[in-house]
Amino acid sequence: MREEITRQIRVVWNRGRGRFRPTVSRHAAARGIHGNVCNKGPYVEIYAQGPEEAVSGFISDIENRPPKRAAILKINVENIENSERYTQFDIIESEKTKGEIFVSPDIAICEECKEEMFDPKNRRYLHPFINCTCCGPRLTILDSLPYDRERTSMKEFPMCPDCAKEYNAPATRRYDAQPVCCNECGPEVYLIGREERGREAITYARKTIAGGGIVAIKGIGGFHLCCDASNETAVRKLRQLKRRPMKPFAVMAKNLEAVRKECEVSAEQTRILDGHQKPILLLDKKKEAKILCPSVAPGNPKVGVMLPYAPVQLLIFRYDDGIKMPEFLVMTSGNTSGAPICRDDREAEAELSGFCDCMLSHDRKIRIRADDSVMDFYENKPYMIRRSRGYAPLPFMVSTPYRGQVLAIGGELKNSFCIGVDNRFYPSPYVGDLEDLRTVKALRETVGRMETLLEVEPEIVCCDMHPKYNSVMVAEELGLPVVKVQHHYAHILSCMAENDCAEQVIGVSFDGTGYGTDGTIWGGEILLSDLDGFTRVGSVMPFLQVGGDASSKEGWRIAVSLIYGMTGDRKKAAEITEKLELCTKQEANVQFTMADRKINAVISTSAGRLFDGVSAMLGIRRKSTFEGEASMALEFAAEEYRETMLEKSKHKFRKLKNMVTIKRIQILSIEMKIC
Ligand code: ZN
Ligand code: ZN
């Protein structure tokens, strides 16, 4: 008997016209796989049995050679122990699984639609809303299920006879495509507060960008602010207007070729960058890069890059009006700092008109906001930094049997929430910082919309333990039983759910701040955790965080406080502080006094603040203009140091670039003999 394994594979796809099961069956036959495939409504479920190598090959066939026009959004693979034995591969007739809801995320424009859009002979030539069964907006235009035109914001645009014909003919690639439209019947682009519409509006926006101006553009999930990323004056102006001196801007590249000129891109990164979901990917800038101007991501070896995913974005790069456009555009969320991304003209006029020279909008309403998703790579594998457009609300499926409906309201900063239904967890798109009351309003509204879409009525709501968080207020006003979960334990539980892990784990959660069970500020925590609870087995050594809110932006305050805490001697601490040029004598004295009298001082184990403090001690950053700036600069300096050391060991001695930092490390180690 052959050595066999059995895997359960669940594939979430766009359910376009491509039929999935026959393709799966063909791949199974080619690899000699036994088992079956069944359409479960929200996903296709496959049982694959065979030698390990054959099963792996089969899974990669599904991933790499799906049916034509199928957009695979998620693959979940699980090992099945003691499976029944299959003797052949069957296609099982669909059983409609009750209560399992599938809401598709928005899908980036497909290759075929792209070709049609730039084909002068096609009737959708240059149509800014072109889409088909396997691409286009979904979540952001949906009112409720089932997904049909009447329940989307496309209901205001009755189909013309030609579109209706395609929609009703099974042989076309727009059969049953709910947002189908054309230049005759679809929505229209226009400039807010100006007369230009359609073609003229697009040309005007392009001319503005090419001339160094800033344009707000309404896309799929909200507005972006956009300018030429190679024009230093334009980017600086945007920074000034947005009051964002340093925080990196994401850019949109015209195409992959442009990305390759400027950044290092691996094959795996290319696949994600140019896939159906088109997130922002953090890529290493090439040494010889010179298209992007310095202000895009100052002092940062990486840059966040994405490719156009909405037809209108492609038209901004390429149109038939003879205007020469740059290869890269800054594409930053259209909002004021902390507020949610603007999604309609009223919000754009109120918040963005002061930041830009014109606003290119359209009359297809956005029901749910969706910011761009952000991903990074570690050891050549992708990981999510911000899960939003293209990914939310694809559910995480866990094998632990759980019955019930729960709403987890999420954290205070960078909020997103999650709805749990039985063993499926649907994350929301990114909501924003709840310190801003506009974001609180957006949270309430998005929770309501997601509950309607997923047809759930949660029995319980989970929230943070912090007594003053707005997220907690939103949870409590729902009138449901409230379960408060410690911040870092919640991080670890999320990580466990994402990896479908139910066993006890050593959870390492290194974070800015979270309210601890002892009322102090936690941050860098090691928690022995399982599904029932946790034990705090380790943390960053507690230190006194002096200076209240200011200390989260001003790392020098943490540095002074750390030095004072470790020396325990005012005079000695003052000497070191002075040598390191952390602050004036007077400022240091104020910090010492506040520490002595415990004024504006909290016990903290924050990993973020510790990094900020070290960054200040080493003379890398005394202050941050955005969250994480000092820590990021510390990381870049460490990476640069490692590279320099590697080179040094290869060649002969080379002078270290950052002699200042080295000198400071010496001062610190001599003076403090490392406590
Ligand atoms: Zn398409
Ligand atoms: Zn039409």
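In what follows, the structure referred to is the one given above.
Residues numbered from 1 in each chain as written. Chains lettered and ligands numbered in written order. Predicted model: local features only at pLDDT ≥ 70, side-chain atom pairs only at ≥ 80, totals over all residues. Heavy atoms only, no water.

*Asks:* Can you break down a negative patch on the surface residue by residue, with the values?
*Replies:* Together, E264, D284, E288 and E643 line one region of the surface with negative charge. With respect to the element layout, E264 can be found in the loop between α7 (256–262) and α8 (267–273). (Patch = residues over 30% accessible without salt bridge, like charges linked within 9 Å, V, L, I, M, F, W, Y side chains within 5 Å. Areas by Shrake-Rupley, 256 points an atom, 1.4 Å probe, with all protein chains shown as cover. Salt bridge = Lys/Arg side-chain N within 4 Å of Asp/Glu carboxyl O. Lys, Arg positive; Asp, Glu negative; His and termini not counted. Charge placed at Lys NZ, Arg CZ, Asp CG, Glu CD. Helix = DSSP H or I, 4+ residues; strand = E, 2+ residues; numbered from the N terminus.)

*Asks:* Could you give an account of the environment of I107, naming the residues involved and the relevant values?
*Replies:* Tracing the backbone shows I107 in the loop between β5 (89–92) and α3 (111–117). Distance from I107 to R138, taken between C-alpha atoms, is 7.3 Å for residues 31 residues apart in sequence. With sequence-adjacent residues up to four places away left out, I107 is seen in contact with N14, A71, L73, C134, C135, G136 and H276. (Contact = heavy atoms within 4.5 Å.)

*Asks:* So what's going on with the coordination of the zinc ion (ligand 2)? Residues and values would help.
*Replies:* For the zinc ion (ligand 2), the full set of protein donor atoms is C160 (SG), C163 (SG), C182 (SG) and C185 (SG), at a range of 2.3 to 2.4 Å. Relative to the metal, the 4 donor atoms surrounding the zinc ion (ligand 2) lie at angles of 105 to 116 degrees, and the coordination shape comes out tetrahedral. Positions of the donor residues of the zinc ion (ligand 2) along the chain correspond to the pattern C-x2-C-x18-C-x2-C. A residue pair is termed long-range when its members are at least 10 positions apart, and C163 in helix α4 (residues 161–168) and C182 in the loop between α4 and β6 (189–191) qualify at 19 residues. We note that C163, like C182, is buried. (Donors = N, O, S within 2.8 Å, 3.2 Å for Na, K, Ca; no water. Tetrahedral: all angles 85-135°; square planar, octahedral: opposite > 155°, others 65-115°. Buried < 20%, exposed > 50% of the residue type's maximum accessible area, 1.4 Å probe, protein only.)

*Asks:* Any details on the packing of helix α1 (residues 20–31) against helix α2 (residues 52–64)? Residues and values, ideally.
*Replies:* Pairs of packed helices are described in terms of their axes, by the angle between the two and the distance that separates them. The interhelical angle for the contact between α1 and α2, taken along N-to-C directions, is 150 degrees, at an axis separation of 10 Å. The two elements α1 and α2 meet at a crossing, and its hand is right-handed. Residues F20, V24, H27, A28 and R31 of α1 touch α2, and the partners they reach there are A54, G57, F58, D61 and I62. Classifying every residue of the contact of α1 with α2 gives 6 nonpolar, 2 polar and 2 charged. (Axes fitted to C-alpha atoms, helices over the stretch in contact; angles between N-to-C directions. Left-handed = near helix turned anticlockwise from the far one by under 90°. Nonpolar A, V, L, I, M, F, W, Y, C, P; charged D, E, K, R; others polar.)

*Asks:* So what's going on with the sheet that holds strand β19 (residues 424–427)? Residues and values would help.
*Replies:* If you walk across this open sheet you meet the 6 strands as β16-β19-β18-β17-β20-β21, and the pairing is mixed. Looking at the sheet topology across the chains shown, the edges are occupied by β16 (396–397) and β21 (482–484). Inspection of the sheet shows strand β18 (residues 418–421) paired to β19 by 4 bridges, in the antiparallel sense. Bridge pairing links C418 to P427 in β19. (Pairing = 2+ DSSP bridges.)

*Asks:* Go over the coordination of the zinc ion (ligand 1), please, and point to the residues and values.
*Replies:* Coordination of the zinc ion (ligand 1) by the protein is provided by C110 (SG), C113 (SG), C132 (SG) and C135 (SG), with metal-donor distances spanning 2.3 Å. Around the zinc ion (ligand 1), the 4 donor atoms sit at angles spanning 106 to 115 degrees, and that spread fits a shape best called tetrahedral. Between consecutive donor residues of the zinc ion (ligand 1), the sequence gaps follow C-x2-C-x18-C-x2-C. Residue C113 is found in helix α3, and its partner C135 is found in the loop between α3 and α4; the two are separated by 22 residues along the sequence.

*Asks:* Please set out the pairing of strand β10 (residues 280–284) residue by residue, giving values where relevant.
*Replies:* Here 2 bridges tie β10 to strand β14 (residues 374–378), and the two strands are oriented parallel to one another. In the sheet register, I280 faces β14, and the bridge partner there is V374. The pairing of β10 with strand β11 (residues 302–306) spans 4 bridges and is classified as antiparallel. In the strand pairing of β11, L282 is matched with G304.

*Asks:* Please provide a residue-by-residue account of the pattern of salt bridges, values included.
*Replies:* One pass over the structure, following the stated rule, counts 41 salt bridges. Measuring nitrogen to oxygen at the nearest pair gives 2.9 Å for the salt bridge that ties E445 to R343. Taken as a pair, E445 in helix α11 (residues 437–454) and R343 in the loop between β12 (328–333) and α10 (345–351) lie far apart in primary sequence, 102 residues in all. Between E477 and R444 there is a salt bridge; the shortest N-O distance is 2.4 Å. Note that E477 is positioned in the loop between α12 (470–476) and β21 and R444 in helix α11, a separation of 33 residues in sequence. By relative accessible area, which is 42% here, E477 ends up partly exposed. With a relative accessible area of 36%, R444 lands in the partly exposed category. Each member of the salt-bridge network shares a partner with another, and the members are E116, R123, R124, E166, R173 and R174.

*Asks:* Which residues make up the state of the cysteines, and what values go with them?
*Replies:* Applying the stated rule across the entire model yields 0 disulfides. C181 carries a free sulfur, and the closest cysteine sulfur to it, the one in C185, is 5.7 Å from it. By relative accessible area, which is 1% here, C181 ends up buried. C358 supplies the cysteine sulfur nearest to C356, a cysteine that is in no disulfide, at a spacing of 6.9 Å. (Disulfide = S-S within 2.5 Å.)

*Asks:* Explain a nonpolar patch on the surface to me, and be specific about the residues and the numbers.
*Replies:* On the surface, I506, V508, F510 and F611 cluster together into a nonpolar patch covering about 430 Å² of accessible area. Per element, the largest residue contribution to the nonpolar patch is 3 residues, and it comes from strand β22 (residues 505–515). If you trace the backbone, F611 turns up in helix α18 (residues 607–617). Exposure remark for F611: the relative accessible area of 39% places this residue in the partly exposed category.

*Asks:* Could you give an account of the sheet that holds β5, naming the residues involved and the relevant values?
*Replies:* An order of β4-β1-β3-β2-β5 is seen for the 5 strands of this open sheet, with the pairing classed as mixed. Here the strands that pair on one side only, and so sit at the sheet edges, are β4 (72–79) and β5. Averaged over all pairs of adjacent strands, the angle between their axes in this sheet comes to 15 degrees, without regard to strand direction. Inspection of the sheet shows strand β1 (residues 5–13) paired to strand β3 (residues 44–50) by 7 bridges, in the antiparallel sense. Each residue of the ladder has a partner; that of R10, found in β3, is E45. In this fold α1 packs onto β1, β2 (34–39), β3, β4 and β5, with an angle of close to 175 degrees to the strand it touches most, β5.

*Asks:* Go over α18, please, and point to the residues and values.
*Replies:* Within α18, 8 of the 11 residues are buried, leaving the element largely enclosed by the surrounding structure. Here α18 starts with a cap whose side-chain oxygen sits 3.3 Å from the backbone nitrogen of G608, and that cap is S606. Backbone geometry just downstream of α18 places G619 in the positive-phi region, at approximately 75 degrees. (Polar contact = N/O pair within 3.5 Å; in protein donor to acceptor, adjacent residues only side chain to side chain.)

*Asks:* Break down α11 for me, citing the residues and quoting the values.
*Replies:* Between its first and last C-alpha atoms α11 spans 26 Å; for 18 residues at 1.5 Å apiece the expected length is 26 Å, and the two agree. Among the residues making up α11, those that are buried are T439, V440, A442, L443, T446, V447, M450, L453 and L454. The buried residues of α11 occupy an angular sector of 155 degrees when the element is viewed end-on, so they sit on one face. Of the exposed residues in α11, the ones pointing more than 90 degrees away from its buried face are L437 and K441. Downstream of α11 by a residue or two, E455 has a phi angle that is positive, lying close to 55 degrees. (Expected span 1.5 Å × (residues − 1). Arc of directions from axis to C-beta.)

*Asks:* I'd like a rundown of the packing of aromatic side chains, residues and numbers included.
*Replies:* The tally for this structure, following the rule as stated, stands at 4 aromatic pairs. For the pair W522 and F534, a centre-to-centre distance of 6.3 Å together with 85 degrees between the ring planes defines the contact as edge-to-face. Linking W522 in strand β23 (residues 521–530) with F534 in strand β24 (residues 533–539), this pair joins segments that are 12 residues apart in sequence. The exposure class of W522 is buried, given its relative accessible area of 2%. We classify F534 as partly exposed; its relative accessible area is 25%. Taken together, a centroid distance of 4.7 Å and an interplanar angle of 50 degrees make the contact between Y564 and F592 tilted. (Phe/Tyr/Trp six-rings, centres within 6.5 Å; stacked < 30°, edge-to-face > 60°.)

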